[in-house]
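Overview (structure and organization)
Here are the chains, one letter per residue:
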Amino acid sequence: DFRSLGIDIIRDVRSMTYKESIKTFMKGITTSNFVILLISPDFLRSESCMYEIAEVFKTPDYTSKILPVILPSHDFLKPQNRVDFIKYWEQRIVELNEKIKNVEYLVKIESLSAELNHFNNIRSSIDEVMHLFHDMNCFTFEQLKNNNYKPIFDSIGFSKERIRDRKSTRLNSSHIPLSRMPSSA
């Protein structure tokens, strides 16, 4: 359990309060020391997850901040499969564009325009995002679990000794905030 090691994992479904702004919460992820990304096909098709990743990618040191975990396997990150995700976001753009075109009076639809822009931004960056994860030596959840999450602990600077010390003393310690993005919306 990460919490017993002094690592706080902030997760939207547990950490958000009733009526809290989802976008404000997602922007707050950028202040976390690290962000665990549960990368799956559902993640890459989720408006919320793609918004979160866009916010994280705005930080200058995002590659040192992200801790990608692949669910269930790497297959969907292969170049030939990236095309399916590009087409998916293109279809979402077409569908929303068509619905907007059918609105008789295009007054006061700024939020729909913002959503359309968001879809366009996702479409513009999805190949780059997927290539980044394909190029990184990312592990699947099973690989991490089988290694007792050592690659994650190494990335965030936790040594076995430090983990052992924390378990035996159970002292109040400084917490390393982590954000965990959902695998799907």
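Since we're looking at a predicted model, the values are computed, not measured. (Residues numbered from 1 in each chain as written. Predicted model: local features only at pLDDT ≥ 70, side-chain atom pairs only at ≥ 80, totals over all residues. Heavy atoms only, no water.)

Considering the packing of aromatic side chains
How we decide: The rule is short: rings of Phe, Tyr and Trp, with Trp giving its six-membered ring, pair when the centres are within 6.5 Å, and they are stacked under 30 degrees, edge-to-face over 60, tilted in between. Relative accessibility under 20% of the residue-type maximum defines a buried residue, over 50% an exposed one, and the middle range a partly exposed one, all with a 1.4 Å probe and only protein chains included.
Inspection of every chain in the model, using the stated rule, returns 6 aromatic pairs. Centroid distance Phe57 to Tyr62: 4.3 Å. Interplanar angle 25 degrees. Geometry classified as stacked. Here Tyr88 and Trp89 contribute two aromatic rings whose centre-to-centre distance is 5.2 Å and whose plane-to-plane angle is 85 degrees, an arrangement assigned as edge-to-face. Its relative accessible area of 25% is what places Tyr88 among the partly exposed residues. Counting every residue linked through ring pairs, the aromatic cluster contains Tyr88, Trp89 and Phe119.

With respect to unusual backbone geometry
Of the consecutive residues Leu71 and Pro72, the connecting peptide bond is found in the cis state with omega at -20 degrees. Although it is not a glycine, Lys19 adopts a positive phi angle of roughly 70 degrees. Its identity is not glycine, yet Asn148 carries a phi of approximately 55 degrees, on the positive side. Using a relative accessible area of 59% as the deciding quantity, one classes Asn148 as exposed.

Some points on the pattern of salt bridges
Basically, it comes down to this: For salt bridges, the criterion is a side-chain nitrogen of Lys or Arg within 4 Å of an Asp or Glu carboxyl oxygen. Working definition: helices are DSSP H or I runs of at least four residues, strands are E runs of at least two. Numbering for both runs from the N terminus.
If you walk through the whole model with that rule in mind, you get 7 salt bridges. Among the ionic pairs, Lys150 bridges to Asp154, the shortest N-O distance being 2.7 Å. Here the residue Lys150 and the residue Asp154 both occupy positions in helix H9 (residues 150-155), the gap between them amounting to 4 residues, near one helical turn.

So, the confidence of the model for the chain
Let me state the cut-off plainly: Known as pLDDT, the predictor's per-residue confidence is scaled from 0 to 100. Contact criterion: two residues are considered in contact whenever any of their non-hydrogen atoms come within 4.5 Å of each other.
With 85% of its residues at a pLDDT of 70 or more, the chain has an overall mean of 82. The model gives residues 166-177 a pLDDT under 50, and that stretch makes 25 contacts with residues more than four places away or in other chains.

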